[in-house]
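What the coordinates show
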Amino acid sequence: MVDSLGVAVVGFGWMGRVHTQAYARIPHHYPRLGLRPELVAVADEVPGRAEEAAAQFGFASATRDWREVLANPRVDAVSVTAPNFLHREIGVAVAEAGKHLWIEKPVGLDLADARAVADAVAAAGVRSAVGFNYRNAPAVERARELIAGGAIGTVTHVAVRLFSDYAAHPESALTWRFERERGGTGVLGDLASHGADLARHLLGDITSLVADTAVFVPERARPTGATAGHTRAAGGALGPVENEDHVGCLLRFASGARGVLEASRVAVGEQNNYGFAVHGTEGAVFWDFRRMNELAVSLGSGYQDQPVSTVYVGPGDGEFGAFQPGAANAMGYDDLKVVEAQRFLRSIAEDAPFGAGLPDAVRAAAVVDAMVRSARDRAWVTVQEG
């Protein structure tokens, strides 16, 4: 017996589409899950966008007001893929309405916002998921198992990078992403939060750090109409970029390991160059999102001149078997969101946490908050407990 779960999506830009498609694919990849998502409602404030989504994907209803979604008795769970400045208000309201919550990172503009949503979820007793999708890659899952099992010895240091060029063009529109009040901390919340989650997922808690930030494109043109994604606005009136383009950070972990985390949204020549290198006393593991299904591994007892081998993940790694029958058959980005959806739904079905949830969002936000304080004070700072 498969139970139906009414789901809604609030905010229908690119990420809203990704969530919707992930829900739709659940029966294909996880037929024995026990819950089948039903697309009940979609909301987006841009005129006509929600109606287009309903027509294309089969939502039963469409609205410009997300509050109508929460009032719908058929809705059991809500995906929040709206802009950052709306995360706290909508996320708290979803929980208080007794709906389960799948929300994109960074869950608001700052640590206070993430904590507010987490507290509301805990008080309501609903389940949650947060969009830290890179931890769901089967190669990352294997890396975590190798590290935890001592295969590379005691971890000494990690380097995490998140380089992209999505804001490198000087004509990129001055959207909400570049405003402090609506976009928060810029690349820190957008990309470095992913890096913080990956680092924690692999190595454990980060205790202290020192960070440096910069804005490299100080002015951009204001858009004249609705925007989606990273559009351009040549010729518009210029306005100031208020949040960070780049962050470089040194990390200290509770384990004693050290780390480097660097993120940039204006790195010319870099497209989704996300990944990590983890070194231990006896080996190392390396992962590059652009070669998502490969893990470079150095194991053995050679220490000096020890070779590195490429391992292709397969059905025994993470959720790979739900998508492909054998190693080296590629999974893609959207598949990671299907994994995320499955873990969200499983947490609801079994009333237990699976995958990244609001506590992980709070811990990542605490790392970002420490970066902000460190860059401001030009000093090492302690990461607040989540």
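The structure displayed is predicted, hence computed values, not measured ones.

Quick notes on the layout of surface pockets
Within this model, the second largest pocket holds a volume of roughly 190 Å³. Residue assignment for the lining of the second largest pocket shows that the elements contributing at least two residues are helix 8 (187-203) and helix 10 (358-377). Tallied by class, the residues present in the lining of the second largest pocket amount to nine nonpolar, seven polar and three charged.

With respect to the packing of helix 1 (residues 14-29) against helix 9 (residues 333-350)
For the pair helix 1 and helix 9, the least separation of the axes is 8 Å and the interaxial angle reads 70°. Viewed along their axes, helix 1 and helix 9 adopt a mutual orientation that is roughly perpendicular. When you trace helix 1 past helix 9, the crossing you get is right-handed. Facing helix 1, whose interface residues are Trp14, Met15, Val18, His19, Gln21, Ala22, Tyr23, Arg25, Ile26 and His29, helix 9 presents Tyr333, Asp334, Asp335, Lys337, Val338, Ala341, Gln342, Phe344 and Leu345.

Comments concerning the pattern of salt bridges
On inspection of all chains with the given rule, the structure shows 27 salt bridges. Between Asp65 and Arg67 there is a salt bridge, with its nearest N and O atoms 3.4 Å apart. Classification of Asp65 by relative accessible area gives partly exposed; the value is 28%. Under the relative-accessibility criterion, Arg67 is labelled partly exposed at 44%. Put simply, Arg135 and Asp197 hold a salt bridge, and the shortest N to O gap is 2.8 Å. Separated by 62 residues along the polypeptide, Arg135 in the loop between strand 6 (128-130) and helix 6 (138-148) and Asp197 in helix 8 bring together distant segments of the chain. Across the pair, exposure class does not vary: Arg135 and Asp197 are buried alike. Three or more residues joined by partner-sharing salt bridges are found here, namely Arg135, Asp197, Arg200, Asp205 and Asp360.

Details of empty space enclosed by the protein
Enumeration over the complete set of coordinates arrives at four cavities of 30 Å³ or more. As for the largest cavity, its lining consists of Asn84, Tyr166, Trp176, Arg177, Gly183, Gly186, Val187, Asp190 and Arg265. Residues of the lining of the largest cavity, tallied by class, amount to three nonpolar, three polar and three charged.

Quick word on unusual backbone geometry
Cis rather than trans, the peptide bond between Lys105 and Pro106 has omega equal to 10°. Along the chain, Pro106 falls in the loop between strand 5 (100-103) and helix 5 (111-124). For Val107, which is not a glycine, the phi torsion comes out positive at approximately 60°. Relative to the helices and strands, Val107 resides in the loop between strand 5 and helix 5. Among the residues examined, Val107 registers a relative accessible area of 0% and is labelled buried.

So, the packing of aromatic side chains
Using the criterion set out here, one finds 14 aromatic pairs in the structure. Arranged with centres 6.3 Å apart and planes meeting at 70°, the rings of Phe85 and Trp176 form a pair that is edge-to-face. With Phe85 in the loop between strand 4 (77-80) and helix 4 (87-96) and Trp176 in the loop between strand 7 (155-163) and helix 7 (180-183), the pair connects residues that are 91 residues apart, well separated along the chain. Note on Phe85: relative accessible area 28%, which makes it partly exposed. Considering the side-chain rings of Tyr134 and Tyr274, the 5.5 Å spacing of their centres and the 75° angle between planes classify their relative orientation as edge-to-face. Here Tyr134 is found in the loop between strand 6 and helix 6, whereas its partner Tyr274 is found in strand 13 (residues 273-280), with 140 residues between them in sequence. With respect to burial, Tyr134 and Tyr274 carry one shared label: buried. Here the aromatic cluster, defined as three or more aromatic residues joined through ring pairs, consists of Trp14, Tyr134, Tyr274, Phe276, Trp287, Phe289 and Tyr333.

About the criteria used
- Residues numbered from 1 in each chain as written.
- Predicted model: local features only at pLDDT ≥ 70, side-chain atom pairs only at ≥ 80, totals over all residues.
- Heavy atoms only, no water.
- 1 Å grid on protein atoms, 1.4 Å probe; cavity = no way out; pocket = protein on both sides within 12 Å on 5 of 7 lines; lining within 4 Å.
- Points joined across faces, edges and corners; volume = space filled by probe spheres on them.
- Helix = DSSP H or I, 4+ residues; strand = E, 2+ residues; numbered from the N terminus.
- Nonpolar A, V, L, I, M, F, W, Y, C, P; charged D, E, K, R; others polar.
- Axes fitted to C-alpha atoms, helices over the stretch in contact; angles between N-to-C directions.
- Parallel < 35°, antiparallel > 145°, perpendicular 65-115°, else oblique.
- Left-handed = near helix turned anticlockwise from the far one by under 90°.
- Contact = heavy atoms within 4.5 Å.
- Salt bridge = Lys/Arg side-chain N within 4 Å of Asp/Glu carboxyl O.
- Buried < 20%, exposed > 50% of the residue type's maximum accessible area, 1.4 Å probe, protein only.
- Phe/Tyr/Trp six-rings, centres within 6.5 Å; stacked < 30°, edge-to-face > 60°.

Take it as geometry only, folks, not as evidence of what the structure does.
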